[in-house]
Each structure stands twice: as C-alpha cells, then as structure tokens.
2 protein chains.
Amino acid sequence: MIDSEQLEANPKLYLFLPLYYTLWADFILTSTEIKTMEELIGELEWLKEEEKQYLKSYLDPNKKINPKELKKWESIISEAQKEGQHKNLTSLGKELVKIHGNGQSEDLSEDTINKLRETEAKLGLVHNEVNYIFQQGHRTITGEQKAEPLFDPKKLTALLDGSQADLIKKVKDIIGDESFKYPDTGDVARQREQVLQLCKILAKEGLGSWAFPKEYGGKDDMRGYFTIMETLSYHDLSMVIKFGVQFGLWGMSVFFLGTEKHHQKYLKAIGTLQIPGCFAMTETNHGSNVKGLETTATYNHQKQTITINTPHILACKEYIGNAAVHGQMATVFAKLIIDGTDYGVNTFVVPIRNEKGETLEGVTIEDNGKKMGLNGVDNGKIWFNQVVIPKENMLDKYASINEKGEFESPITSDNKRFFTMLGTLVGGRIGIPRSALSAAKSGLTIAIRHSDKRRQFGPKGGEEVPILNYRMHQRRLLPPLATAYGLHFALQYLTERFLNRSKEDAQEIEALAAGLKAYTTWFTTATLQECREAVGGKGYLAENRIPDLKNDTEIYTTFEGDNTVLMQLVAKNRLSEFRQEFNEMDFFTVVNYLADRAKTSLTEKNPIIVRKTDDEHLLDFEFHKSAFEYREEAILSSAAQRLKKLIEGGMDTFDATNVSGHHLVNVGKAYIERIVLEQFQQQVETTDDEPVKNILRKLAQLFALFTIERNRGWYLEQGYMEGVKTKSIRKMVNQLSWELRQDAVALTDAFDIPENCLAAEIAKRVS
Amino acid sequence: MIDSEQLEANPKLYLFLPLYYTLWADFILTSTEIKTMEELIGELEWLKEEEKQYLKSYLDPNKKINPKELKKWESIISEAQKEGQHKNLTSLGKELVKIHGNGQSEDLSEDTINKLRETEAKLGLVHNEVNYIFQQGHRTITGEQKAEPLFDPKKLTALLDGSQADLIKKVKDIIGDESFKYPDTGDVARQREQVLQLCKILAKEGLGSWAFPKEYGGKDDMRGYFTIMETLSYHDLSMVIKFGVQFGLWGMSVFFLGTEKHHQKYLKAIGTLQIPGCFAMTETNHGSNVKGLETTATYNHQKQTITINTPHILACKEYIGNAAVHGQMATVFAKLIIDGTDYGVNTFVVPIRNEKGETLEGVTIEDNGKKMGLNGVDNGKIWFNQVVIPKENMLDKYASINEKGEFESPITSDNKRFFTMLGTLVGGRIGIPRSALSAAKSGLTIAIRHSDKRRQFGPKGGEEVPILNYRMHQRRLLPPLATAYGLHFALQYLTERFLNRSKEDAQEIEALAAGLKAYTTWFTTATLQECREAVGGKGYLAENRIPDLKNDTEIYTTFEGDNTVLMQLVAKNRLSEFRQEFNEMDFFTVVNYLADRAKTSLTEKNPIIVRKTDDEHLLDFEFHKSAFEYREEAILSSAAQRLKKLIEGGMDTFDATNVSGHHLVNVGKAYIERIVLEQFQQQVETTDDEPVKNILRKLAQLFALFTIERNRGWYLEQGYMEGVKTKSIRKMVNQLSWELRQDAVALTDAFDIPENCLAAEIAKRVS
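Conventions used here
Residues numbered from 1 in each chain as written. Chains lettered and ligands numbered in written order. Predicted model: local features only at pLDDT ≥ 70, side-chain atom pairs only at ≥ 80, totals over all residues. Heavy atoms only, no water. Least-squares fit on C-alpha atoms with pLDDT ≥ 70 in both. Contact = heavy atoms within 4.5 Å. Pairing = 2+ DSSP bridges. Helix = DSSP H or I, 4+ residues; strand = E, 2+ residues; numbered from the N terminus. Axes fitted to C-alpha atoms, helices over the stretch in contact; angles between N-to-C directions. Phe/Tyr/Trp six-rings, centres within 6.5 Å; stacked < 30°, edge-to-face > 60°. Buried < 20%, exposed > 50% of the residue type's maximum accessible area, 1.4 Å probe, protein only. Lys NZ or Arg CZ within 6 Å of the ring centre and 35° of its normal. Disulfide = S-S within 2.5 Å. Expected span 1.5 Å × (residues − 1). Polar contact = N/O pair within 3.5 Å; in protein donor to acceptor, adjacent residues only side chain to side chain. UniProt positions renumbered as here; feature names shortened; annotations may be inferred. Salt bridge = Lys/Arg side-chain N within 4 Å of Asp/Glu carboxyl O. Bend = angle between axes of the 7 residues up to and from the residue. Buried area = accessible area lost by both parts, 1.4 Å probe. Parallel < 35°, antiparallel > 145°, perpendicular 65-115°, else oblique. Left-handed = near helix turned anticlockwise from the far one by under 90°. Nonpolar A, V, L, I, M, F, W, Y, C, P; charged D, E, K, R; others polar. Patch = residues over 30% accessible without salt bridge, like charges linked within 9 Å, V, L, I, M, F, W, Y side chains within 5 Å. Areas by Shrake-Rupley, 256 points an atom, 1.4 Å probe, with all protein chains shown as cover. Lys, Arg positive; Asp, Glu negative; His and termini not counted. Charge placed at Lys NZ, Arg CZ, Asp CG, Glu CD.

1. Some details on the relation of the copies chain A and chain B
Logical step 1: With an axial shift of 0.1 Å and an RMSD of 0.1 Å, the rotation relating chain A to chain B amounts to 180°. The transformation relating the two chain copies, once decomposed into turn and shift, fits a two-fold axis.
Logical step 2: Residue by residue, 100% of the interface of chain A is reproduced at the interface of chain B, so both copies engage with the same surface.

2. Considerations on the sheet that holds strand 4 (residues 317-320) of chain B
Think of a sheet as strands paired side by side through backbone hydrogen bonds, with each pair either parallel or antiparallel.
Residues and elements named next belong to chain B.
Logical step 1: The strand order 4-8-7 describes an open sheet built from 3 strands, whose pairing is antiparallel. Unpaired on one side and paired on the other, strand 4 and strand 7 (363-367) mark the two borders of the sheet. Geometrically, the sheet is characterised by an average inter-axis angle of 25° between neighbouring strands, direction not taken into account.
Logical step 2: Across 5 bridges, the pairing between strand 7 and strand 8 (residues 380-384) is antiparallel. Residue pairing in the sheet places Glu 366 in a bridge with Lys 381 of strand 8.

3. Quick look at the packing of aromatic side chains
Logical step 1: One pass over the structure, following the stated rule, counts 48 aromatic pairs over all chains.
Logical step 2: Considering the side-chain rings of Phe16(B) and Tyr20(B), the 6.4 Å spacing of their centres and the 75° angle between planes classify their relative orientation as edge-to-face. In this pair, the class of Phe16(B) matches that of Tyr20(B), namely buried.
Logical step 3: With 5.6 Å between their ring centres and 75° between their planes, Tyr54(B) and Tyr58(B) make a pair best called edge-to-face. The pair Tyr54(B) / Tyr58(B) is uniform in exposure class, with both members buried.
Logical step 4: Grouping aromatic residues by their ring pairs yields a cluster made of Phe16(A), Tyr20(A), Tyr54(A), Tyr58(A) and Trp73(A).
Logical step 5: A cation over an aromatic ring shows up here: Arg631(A) above the ring of Trp714(A), its NZ or CZ 5.6 Å from the ring centre.
Logical step 6: The aromatic ring of Trp210(B) is capped on one face by Lys219(B), whose charged end is 5.3 Å from the ring centroid.

4. So, unusual backbone geometry
Logical step 1: Residue Leu273(B) is not a glycine yet carries a positive backbone phi of 65°.
Logical step 2: Topologically, Leu273(B) is positioned in the loop between helix 15 (260-271) and strand 1 (277-280).

5. Some thoughts on the state of the cysteines
Residue and element names in this part refer to chain A.
Logical step 1: Tallied over the entire structure, the rule returns 0 disulfides over all chains.
Logical step 2: Cys 278 forms no disulfide, and the closest cysteine sulfur to it belongs to Cys 316, at a distance of 13 Å.
Logical step 3: Cys 278 gets classed as buried once you look at its relative accessible area, which sits at 0%.

6. Quick word on helix 5 (residues 67-82) of chain B
Residues and elements named next belong to chain B.
Logical step 1: A rise of 1.5 Å per residue sets the reference length of helix 5, with its 16 residues, at 22 Å; its end C-alpha atoms lie 23 Å apart and thus fit the reference within 8%.
Logical step 2: Taken as a whole, helix 5 has its buried residues at Pro 67, Glu 69, Leu 70, Lys 71, Trp 73, Ile 76, Ile 77, Ser 78, Ala 80 and Gln 81.
Logical step 3: The N-terminus of helix 5 is capped by Asn 66, whose side-chain oxygen sits 2.8 Å from the backbone nitrogen of Lys 68.

7. Comments concerning the UniProt feature "domain: Acyl-CoA oxidase C-alpha1" (unreviewed entry) in chain A
Logical step 1: The residues that UniProt annotates with the feature "domain: Acyl-CoA oxidase C-alpha1" (unreviewed entry) are residues 423-572 of chain A.
Logical step 2: Between the first and last C-alpha atoms of residues 423-572 of chain A the distance is 16 Å; the span itself is 69% helix and 0% strand.

8. Quick notes on the pairing of strand 8 (residues 380-384) of chain A
Residue and element names in this part refer to chain A.
Logical step 1: With 5 of its 5 residues buried, strand 8 lies for the most part within the structure.
Logical step 2: A two-sided burial pattern is seen for strand 8, the buried positions comprising Gly 380, Ile 382 and Phe 384 on one face and Lys 381 and Trp 383 on the other.
Logical step 3: Across 2 bridges, strand 4 (residues 317-320) lies against strand 8 in antiparallel orientation. Bridge assignment links Lys 317 to a residue of strand 8, and that residue is Ile 382.

9. What to know about the sheet that holds strand 7 (residues 363-367) of chain A
Residue and element names in this part refer to chain A.
Logical step 1: In space, the 3 strands of this open sheet follow the order 4-8-7, with antiparallel pairing throughout. Every other strand in the sheet has two partners, leaving strand 4 and strand 7 as the edge strands with one partner each. For this sheet, the mean angle separating the axes of adjacent strands, direction not counted, is 25°.

10. Thoughts on the pattern of salt bridges
Logical step 1: Taken as a whole, this structure holds 86 salt bridges over all chains when the rule is applied.
Logical step 2: Among the salt bridges present, the one from Asp414(A) reaches Arg417(A), with a minimum N-O distance of 3.2 Å. Within this pair, Asp414(A) and its partner Arg417(A) are both found in helix 16 (residues 414-424), separated by 3 residues, close to a single helical turn.
Logical step 3: Residue Glu230(B) pairs with Arg434(B) through a salt bridge whose shortest N-O separation is 2.8 Å. You can see Glu230(B) sitting in helix 13 (residues 222-232) and its partner Arg434(B) sitting in helix 17 (residues 428-453), a full 204 residues away along the chain.

11. Side note on the UniProt feature "domain: Acyl-CoA dehydrogenase/oxidase N-terminal" (unreviewed entry) in chain A
Logical step 1: Here, UniProt's "domain: Acyl-CoA dehydrogenase/oxidase N-terminal" (unreviewed entry) annotation points to residues 169-270 of chain A.
Logical step 2: Across residues 169-270 of chain A, the secondary structure splits into 66% helix and 0% strand, with the terminal C-alpha atoms separated by 25 Å.

12. Regarding the environment of Tyr182(B)
All names here are of chain B.
Logical step 1: Mapped onto the fold, Tyr 182 is located in the loop between helix 11 (165-175) and helix 12 (188-204).
Logical step 2: Classification of Tyr 182 by relative accessible area gives partly exposed; the value is 24%.
Logical step 3: On a C-alpha basis, the gap between Tyr 182 and Met 329 in space is 27 Å, while along the polypeptide they are 147 residues apart.
Logical step 4: Once residues within four sequence positions are removed from consideration, Tyr 182 is found in contact with Tyr 234, His 235, Asp 236, Arg 545, Asn 756, Cys 757 and Ala 759.
Logical step 5: Here the side chain of Tyr 182 touches Tyr 234 through a polar contact of 3.3 Å, landing on its backbone oxygen.
Logical step 6: At 3.1 Å, the side chain of Tyr 182 forms a polar contact with the side chain of Arg 545.

13. A short note on the environment of Leu267(B)
Residues and elements named next belong to chain B.
Logical step 1: Looking at the secondary structure, you find Leu 267 in helix 15.
Logical step 2: The class of Leu 267 is buried, set by a relative accessible area of 0%.
Logical step 3: For the pair Leu 267 and Met 252, spaced 15 residues apart in sequence, the C-alpha separation works out to 9.0 Å.
Logical step 4: If we skip the residues at most four places from it in the chain, Leu 267 touches Phe 212, Pro 213, Tyr 216, Gly 251, Val 254, Phe 255 and His 262.

14. Focus: helix 29 (residues 723-749) of chain B
All names here are of chain B.
Logical step 1: Taking 1.5 Å per residue, 27 residues should reach 39 Å; helix 29 reaches 38 Å between its end C-alpha atoms and fits that length.
Logical step 2: Of all the bends in helix 29, the greatest, near 60°, is centred on Gln 742.
Logical step 3: In terms of burial, helix 29 is a largely internal element, 20 of the 27 residues being buried.

15. What to know about the side chain of Gln246(A)
All names here are of chain A.
Logical step 1: You can see Gln 246 is positioned in helix 14 (residues 237-257).
Logical step 2: Owing to a relative accessible area of 1%, Gln 246 belongs among the buried residues under this scheme.
Logical step 3: Setting aside anything within four residues of it in sequence, one finds Gln 246 in contact with Gly 251, Ile 270, Leu 273, Ile 275, Pro 276, Gly 277 and Asn 322.

16. Brief notes about the interface of chain A and chain B
Logical step 1: Between chain A and chain B, the residue contacts involve 127 residues of the former and 129 residues of the latter.
Logical step 2: The junction of chain A with chain B conceals about 10500 Å² of combined surface from both sides, 51% of it contributed by carbon and sulfur atoms.
Logical step 3: Looking at the side of chain A facing chain B, the largest losses of area belong to Tyr540(A), Phe654(A) and Glu717(A), adding up to 8% of the total buried there.
Logical step 4: At the junction of chain A with chain B, the criterion picks out 12 salt bridges.
Logical step 5: For Lys71(B), the salt bridge is made with Asp414(A), and the minimal N-O distance between the two is 2.3 Å.

17. Re the side chain of Arg631(B)
Residues and elements named next belong to chain B.
Logical step 1: Along the chain, Arg 631 turns up in helix 24 (residues 621-648).
Logical step 2: Residue Arg 631 is classed as buried on the basis of its relative accessible area, which comes to 6%.
Logical step 3: Apart from the residues within four sequence positions on either side, Arg 631 is in contact with Asn 666, Ala 670, Glu 673, Asn 711, Trp 714 and Tyr 715.

18. Re the packing of helix 18 (residues 471-499) of chain B against helix 19 (residues 506-534) of chain B
Packed helices, taken two at a time, are described by their axes: the angle between them and the distance between them.
All names here are of chain B.
Logical step 1: It is at 10 Å that the axes of helix 18 and helix 19 come closest, and there the two elements cross at 155°. When the axis of helix 18 is compared with that of helix 19, the two are roughly antiparallel. Between helix 18 and helix 19 lies a crossing of left-handed hand.
Logical step 2: In terms of residue class, the contact of helix 18 with helix 19 is made up of 17 nonpolar, 4 polar and 5 charged.

19. A short note on a negative patch on the surface
Logical step 1: Negative charge collects at one region of the surface, where Asp614(A), Asp615(A), Glu616(A), Asp620(A), Glu622(A) and Glu685(A) lie side by side.
Logical step 2: One can find Glu622(A) in helix 24 (residues 621-648).

20. A few points about the packing of helix 18 (residues 471-499) of chain A against helix 29 (residues 723-749) of chain A
Residue and element names in this part refer to chain A.
Logical step 1: Where helix 18 meets helix 29, the closest approach of the two axes is 8 Å, and the angle between their N-to-C directions is 70°. As judged from the angle between their axes, helix 18 and helix 29 are roughly perpendicular. For the pair helix 18 and helix 29, the contacting residues are Arg 471, Gln 474, Arg 475, Leu 478, Pro 479, Leu 481 and Tyr 485 in the first and Arg 730, Val 733, Asn 734, Gln 735, Ser 737, Trp 738, Leu 740, Arg 741, Ala 744, Leu 747 and Thr 748 in the second.
Logical step 2: By residue class, the composition of the contact of helix 18 with helix 29 is 9 nonpolar, 5 polar and 4 charged.

This is the structure in structure tokens:
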C-alpha cells in the first residue's frame, strides 16, 4: 500500500492506513466488515475511480500482503502517533496525511472525517483503545495496583498471637531454624523415621508433655498445647499428626480416661516419647459410627484379667497412627463384657510391641501402606487374638470393676458414658482445625506472594500486569484470606470456651468444636485448591509445597469425624438446644413458636431494607449480624418444622432425618458462620490500633458479604433480600477484594510464618 | 427400682418403667424434664405419698443407679414389647402392669393413661420411635434401598461406545490385561522408565501413529486418536500424558505445522517412539500469555541456518514433558527474526539430545523435579544458548523463508498466524477433557461401588444401612454421575464438530473446545474431591487409587490453558459471535437489541410459570431447555451491556474487561451448560431401547435441575423463578438422586472400565 503509486499520487489516502492496518492485523475480515468499508469508499466522492478500486482491492481477504509491508505500515503509523495522542483511527489518519501530504490535510472535509468516524464505530473500534495500538506505555488502573499496606503487620501479628506470643516464639525458634529440616518424601520408611526424630526433638524441648500436670514433667497448660499444635503446623504436617497421635490422642486418653495410677505409670514416658503409643478406636467396619465398635474386652474375675479380642477380620482397628511401626502400647476402645453382660465401650491400655519393636503374641499388625499424604505417620491395622491384660489396665475414670467383680460407673447409661468419654477427647476437634487453618495460611501466603510478583497479560502496548491485579484472581484469594482471619478468631473463642467449660455448656462446646472442625477443614481443602490453581503450573511442583499442604490436609475432613456426619450432629444438638432455651414449652410448642416467629419476622421485614443497596448499609456490621442470625434461626426452625411434619405424617424418625440430611448440614453451617462473624466483629470492636482496626473491619466486611453472597440463593428464596441487593453485594465483594489487594501481602506477612517453614521456591524473598 | 418393695407392693408403678428407662438411658435430665415428671406424679391422685417420694427419688440426676439394674429394666421392658407392638411408652407401661400386676391393669383409669401420654409428648418422646427402642429388626424405607437396575448396562455401554466399540475393545484388551501393570510410585526415576516402557508397548500396538497418514504407519483416523486417549485414561494417567506429549503434542505439531519434508523425515519415527520428543511452547515467564514468548529464532541467510536462543534465565521453556530425561528433539516456539525484524512466533524442530541421551551442546536442561502427580512424565526446563539448526527445520506450513531470505506467509498478521497455528493444535483441548472424564468415571465407579456395600449407622434396633442410602451421600455422588453422562455426549459432539470443521466454524469450535476443556476438568477435580470424601479414610489410601486419580488430574485445570483464562476467552468469542449473528447491525446496536430483548422476555415471563412447581413441569425437557437458553442469552447480553457502559463511561477496555472478569467466566459456563444439556437431551430423544432411554432421561433431568439449583441465586435475582420454585427444584434433585440410587452401580458398570484398571481394593468384586 505505502509503496504504491496511488499513495504517491494522492497522499490523502494515508487517511485510510490506520483503519486498514487494524483490519488486517487484528481482524478476520467478515462480510459485514467488507461491506461497511465498501460503503464508506462508495460514499466519498472525492475519491477517483482507480483510487476506489485500489482501496477495495485491500478488502479481499485472499489478497496477499507481504508481512514486511504490514510491519512498515505499523512503523509509519507509530511515528505519527508520537506526534500527538490520537484517540481514534481517523484522527491518526489525519495526522498521517498531515505528515505525508504537504498540507493536504487541510482539504479533508468535515463530512469525510465524520464518515470515517462512523465507520470506525460500526466496526466496533471504539474509544481509547486506538490510543494504545501504536504506542508503548499504555497505563491502566489495573496495572497500577501494587502492595502498599495501610497498617503495620507486626502489630497485627501481636494481636493474633495475644497471650501466647512467647510460646509461639519458642516453637517458631525450634521449627524456624534452618537445621529443622523437612523430611524427605518418596521413601515411606525413611520419611517415617525422620518424622519420628523430629517428634523426639519436640519432646526433648518439652512440647510433648506441655498439657500434662507438672508432676509428670508438663506445664499443666492445655491452652499452650493447642498453640503448639497450631504453630507446628507451619512445618511438616506428618510431624504435627504424629505429635498429635502421641501426645494428644495416646497421651490425653491416658490422662483424661485413666486415673492416678495410670498417670504415674505412663504420663512421663509418653511425654518424653519413651513409650510411643496409639489411640485404637476406629475399626474397619465402624468409622463414623464408633458406637458400633465390635472389639471385646472380657473380664475374668478369678484371674483379675481382661481379654481383648477382635471378633472378626473387619472388626480390626484401622488407620491407627503409630501402629504400623513405632507404637508399643495402645489405648484400645472395646466393649466390656462381665459375666456375659455387655457394659458398652470402655478403654484399656494394651501393649502391642516390646521395646525392640517386635509385635507381641496375639497381636497382628498390618501396615496401611502408602497414603495420599501424611506418609510420615505410620498408620496400620491391629487385630487382637485373645490378648490378656491385667485388670488395672482398664482406664477407669468413668467406669471400673469393683472388688466384687461388678461394673461400677457414675454414669448409668452405657450410651451417655461413652459420649462423656468421647467428650473429654474433644480437644482433638480443636487441635485439628487449628492445624488446618495454619496450613491454609501457608497456602495463602505462598499464593499471594507469588501472585503479587507474577505478571501475565496486560493492556495493548503496556507492561504485563501482576496476576493479583486481576479481579478474578482477587476473588479467588481475598475472600479466603478474610475467612482465614475470621476462623482464627473463632478458633480462639472455641479454645477459651473449651478451657472454661462446665458441665452445663459441655454439650454446646462439643457441638461448636464439631462444627468448627468441619467448617475449617472444608475451608482449608477449598482454599488450598484455589491456591493450587491460582499459581498454575508452579503450584503443581513439589518445590512449592502446595502439593504437600493439599495432600496432607486432605484427610482432615474425614478424621476426628467425617465432616458431613459432624455437621448433622451439630444440627441435632442445635435442635435440642433450642428446646432447652424455651424450657417452659415442649418440643412442638417450641417448633410452632419459632415457625410463627420466623413467619412474622419475614412479613415484618422492612420492604425498604430488602432492596437497600447503599454502601453504608452494605458495609454495616449490624446488617451482617442480622442477616447471619436470621439465617441461622430460620433454617433451624424450618428444619424442626420439616422433621415434625414428616414424623407426624407417619414417617419413621430415621427416615425423616435422612430426608432432611441436606437441610441439617445447612443448619450446622449457618450456626458456625454466625459464630465466626460474631467473633470477627467483636475482635474489630476491641482493637485499639486504628490502622489494624480498619483493615480487620474490611476483612470482616468481606467475610460477611462473601458468605451472604454464597448463600444468596437462600436469602432470595426467603425474600430476605431482593435481586437488586444481592447483585450489589456481589459488586461490593469485588470492590472490597480490589481494595484489599494492596494489603494482601502484608496480611499474609502478619501470619508471621517462618521463611524456612514456608519452603516454597515461588514464595522466596530476596533478602 | 424393679427390686424395690414399692413395686412389689404396687405393681401399677410398672407403668412408669418405660418412661424412666428412656429418661435414664438416653437423656441428660434437664430441669424441664424433671419438672414435667414431677407435675405428672403430683397429678396422679391414686399414688400414695411414699410412692410419690419413691418415684421422685429417681428424678434426682445425682442418684446412683447400678448400670446392671438399668440393663435389667431394659430386658424386662423388651419382654413386654414382644407381647405386642406398642407404639408409645405408656402403652408399653400398661403391658408391664398387665404382666406383673395380676389384673391390676384393669384399674388404670383413662385419665391416668391420658396424663402419661401428655407427659410423653411434652418430653418429646414421639410416635413410632418407641416401637424400636426395645426391639430388634427395625425396618425403614432408608434401609430397604439397594442396587436393582432397571436397564441393561451392556446396552448402555454399546450406546456410549457407538462406532468406536471395536477400537475401544482393542485398547481395553491391551490395558485391561493383568500383565499391563501400573507403574510403581515413590521412586520418580523408576516410575518414568516404567511409563516409557508402557508407551512403547502402545506404540508397538500401533496406537501412537493412529492419527497419522497411512504412508507413515498410521490409520489416518483422528477420531480414533481421541478414543484411544479416552480409553487409555482408565489406566495410569502419567502414561496417558506421556502418550499425549509424544504422539499428540510432538507428533501433531510436526504433522500440522510442518510440511511433506518434515512428515517424511519424522512422522514414522515419532509414531513408533523411536524419536521421543517435546512440545516446547510454555516459558517460565509466559504460561497463559503465550503470545508473549521471548525465545528467539534468528535467521542467517548466508549460512541458511536459524539460531535458537533463550534471551534470559526466566525465558526458558518450562514444564516441558519428555524434556527432563527422554526427549531427543523438540518443537520449539520462538520469535523468528529476519534482518532485525520480528515476524512473531513460529515453530522449529530442534534436536536436544543424541541417541545416547546426552544433552547437546548449547542446550541446558533442568529437571522440574517431583510434582503433585503425573510423576511418570519427565517435565523439565530447557535453555538454548545460540543453538544452530538448518533452515529446513522450520515447520513451514503457515510461514516460511523464501529463497531470497524473505519471510512469506499466507497469513499476513503475526497475531492471526500465531492463533491459526495454535488453532490447529486445538485437539489437545479435546483429548484432555476426554481423559479427565475417564478419570472422573473411574472415581465415581470406585466411590459408588464402595458406598453400595459400606454400611454405617442405622435405625435404633435395626441393621446398619449402606451409606449410598443416605440422601446426603446420594447428593454427593449422583448429580456428578448424571453430569458425567452429559459431558460424555457433549465431548462426543465436540469431537464430531472438530473432525468436520470448516474455516467458517473454526473459531466457534475452538471456543467450544476451550470451554468444554475448562468445564470438564473443573468437574473432574470437584468430582474426585467428592469421591475422596465420600469414601472416607479408604479414599486416602493409595491402594484405593483415588489419591492418584486426584493428584494426576489436578493439573488438568491448568495445562492446555488455565481454566479461568480459557473461560474468559470463550466469553469474548461468544460476544463476537453475537456480533456476527446480527450482521446487519454494529456492535452497540446488537448489544442494545439484546438488552431490550432480555428485558422484554423478562417482563413477558408468565407469572404462572415462575411459580410453577408440579412434577411434570419440573421434569419437562422444554422447561430445562428454556431455562438454560435464557440464562446463556441474558448473561451474555448483560456482559455486553456492562462492558459497553464501562467503556462509554471512559474506562479503558483492559480495565473494563478486568472489572467484568467474573461475569465473563459465567458467560462461558452458561454457554457450555447449554451445550451439554442440548446434547444430553438429543441423546435421550434418539435412543431406542426403552429402559436405556428412561434412565438417560432421568439422568438428563437430574443434570438439568442440579445445574439450575446451583445457579438458583441467578435465576432468583432475575425473577425467572420464585423461591417456591427453586425450593421444589431442590426437592426434585433429592428425589431424582433417591430414585437413581438403585441404578447407580449399574450406571458405573456401563462405563465398562476394565477391573484391573480400576485397581482399587474397595471396588473389587468377588467373582
């Protein structure tokens, strides 16, 4: 085109060059586009016939243009663009005529210019875009975003750590040291040994016996035990679980279910890891339904012994940590039989290996083999073939056999006794979610740091943009970051409630622990999934640690109780709480009362509120609180109503509960979400440092709105919000995520995870 | 209680025994309960004062009852229950008085009985439940469900396999044979060698060159190539990806981007795996944004050579399959430079190792090391330091250097040429989702078989129930099973469209492939996650294969294009499709037209339909189709409107696209969901065998309603449905899942996955 005679003869044809270049370089010429251009050419009367033919010839998609020619067009146009910021192709064409036409640009009529502009619009070549096709340095709002925190991460760390700061520092000093190496994966046997060695170091540092009484080498500090679990979880998770098996499950079962004699005999040796042990509850045939355990413990009064036996092959203990290789003893859950009468599940200390590691007579152990993760923990199956233990090996805090060989217990019912015993072990359901949350924090730190640096795509003629500047990417990572903060405070609350529990609120706290365990571990699984995808191929490489974080925590949703089962338990507890709250009424009255109340508040809902979408309202803590509370209450009373209706209609309770299964899980979730929000808001309100308070407020708002958005189907169904409001909420979630982008890296810095624990290449900082 | 004098003296007190037993055995006595009982006792005038005191003494929660005594109560009550099916505790108490009271039951007044019944109700001890506390054999609807297929799985298999049945059988014969072993995991080097050996067997069987022309040892059958990828994916996925790298990426790049001379030189050796090779496109700094690749290929006309060079350390090729160990050559994507002019990205065959496996001069290779999965594939990084190759190594189907040393191409624009080249490789985006779907099918087969057998929990006094009988569990597994069927048909459709593509519909098919790749791989990730959790601890053990399925497919959402990026590309394509469809109008006119149309159809929505909830309507294909189409169209036009509004408001296009990122992803999803539904329904309509047709119809209904339920927030926001309708849809999803439970195992049988490929202990069948 540019070398042609036509152009030489009539430089006004330069007017078309930017348009033609754009069509050739970026478009596949469609018949519409060709037609549009032909019309333009037809309409310009000042074009000579041969010029028209010449211009039309370039509209033939089969015309061969030398790529080199196209590049020459580009450089000529780019030169012209330097002369002024032209915001459309026509103006740029005019500039070219000015440069090449020796004053001919003066001849271009306004009509010509308008016709070209119209054509541009018809072709969809709109607005500023053109400004950037031919020049470098295209700056955009998206491109400008960067890490610029508005608060001091150290102050936020201090807030997160609270009274536990010293202990956290102690633990971080141990695991944060370069010498504290991650175990090698690949060879399971080697990995297990390395993990054992790490646990021995921790025991030596006194961390294993931390919760035990001082006379057995401990600090009598249960709060500290949870802090330790949480902090250790920034490092290898096999180590954490092995630690939990030894000191939490095996140790605590002896501590809580045994009495003085057991404490004296075992606690010190457990705390120092002299006696590695197991917690042998789960059986192959009874995982979630532990009440149905089949292992028997038969009492022989004459010999003062108890015989432990596995009645059939699928009644073996399974997935038992420390069983496959290291365990020497086990707390075994078995049905106690005295004189042919079954006294329900009780617990017994049973030796399984000698100090040389040889399996004892009557005990058969099989390795559970390779797992998806946590391969540093040696899980196994155990069968007992008439293994005889002395009577005193029965852990007799809640039940015992008296001198006469009779069963005695302060808790008459087998059922109640069993659940009381399990209740004392609820600490596992606090340690696990706190560990899970640490893993999620590690994943978020790795993913957010990488996304802050990693650049991909960008505006035409501009630099590539950090991927954390993309709204989609912010949506993936920032609501989980906000939720992680909320869960941190909720788990602190759970811990305090647990430490200060009384007989009265024990059941409520058990439900809270079960619910938060389920909610947090599901959150961790989902968050690490987002982190993996958000960092793409890098997230698939072992060197970036996300694979191990994912695979190690994958089973958290199952152990210490399958999440779906737990959430249904939580719901059942809520239903009965309900009943107790209104203790003047019977069950159905309560249900009816609440059903009515729900209806009233529904009809009473202010028609202005359901459509209210101003920012102030959307960001208001009170609005969030009401929305969460309303959901919790409404969903609970509707579950009650539904069960009532089904049962009254003649359905079996078991069937009715099954039919309502999905509903019940949502009852549990709504309850937990309300708790998390409440704790989050309370934390904001009690924070003094303004910048920290501000950032926490924004996180709490994001958590609240993101959660409402996720449940928007429900809110809309209920008429609690209208579409105009849920749409505004979605926009606000995007907006808050966008605003938090500048604080995101600092918010992960505030987790204060030791650099060598993070252990991800992509998260490394040049120091 | 039962040994006491009081009872001897007044056997009418037996009336209270069932109530007291229930309170003691199952309840923690609350103050309400105590009060309720005390009131009852107070009201019964025939009780003597000492009897009242005696009864009240059992309401003291601190009273010690011997557990043995409680068991005795139980056996006495159970005996009474045998005498007749008593549906409440009062009636049972009456029976006890009859047995123990020598005719005293006659003395119990109607008033007494009524008062007891009221108390029972107040305590929430309702209905039939009582019937089962004291007896065995409690049967429930939940317990009765079992596998009883209504169709012949073999007929469904035949339908799924269609014209490819023979080839599928051939591939299954190879991989289904006991001798075709899974590689050992753990040792990466060993695993890689074993996978290479498996690929050699496949090459020997002629599967590698299947798509190549006959003259190079192939079958000229691209359809068959996809069938092979899909069927192989029932076995080890490292093998599948290595197969895909060698024959799909390396082989097809030479086939599609090269010309006769390259085909003659390489194709046969590639198809037989004589020359293991790589597809070296992705660079560390440019993953998704491939257009930004930095590797250079500089032409030297004098020497007739091209020099390949990596300009800086982060411009290396990364994640390249076959690179770390086995690859001898690579198709390298690099910017061609001639005389200082950059002609965009072109492709070149570059030798990287000699036959002995030694890396060639100028080439540096680093192992990508251990990955989350697919460790049988040797991914690595490659740097080129001025590596010289002959000019003829340029793959010159779309661009070449002529005799004069000038660049020539039928496609003038670098941009268009690059995307045309990538377009020819779109087959990868068909092979990958088909492979992903096979993995999901394996996971579903394992999880559903296990859930059909595994029993956990049950009604009081009844057997434990298979976990697949629980509604929550059905909800987890059956909608994904239905979706898997839908995706099967959609991927068949995509394959046919691809095989019959023309220049006109090439872009549409590229978008379809990108969208189905993203949708299917996300589906697989989510489904395998459900499968893992659904089978609990068993799903965590390597022996049950779910861990490998999960970890191997985890990267599918990233490779062949990050899913989020792909979905946005799909959306952009849909927006422009839009424009072409209405080719009389310009872009804005189209947008306005559609916005108006959307508004109209919204207001025109029949107010009866938005609240219609009868079964016939909910299950109606037409309803589903309209709902999906409406969503697709409305979401697309609202995205267009939004972009328009933002850009017209002065926002940069790049920023506007960023702001709309989330919206655009939903545009892509809605489009794909409509396609899947359409293909699913069409399959139902063209199926002859009645039972198969019926089961497919039910699956299509479940897929449709489950998808609508997932998007219910959107439908409610739009006013397309009201809450009463979305609630009914949720119930119908539960109902369909419940109904399909009996067919679930057979529906996985119909996938016809060879038993030794499944390779999961928990899925084993006793033959």
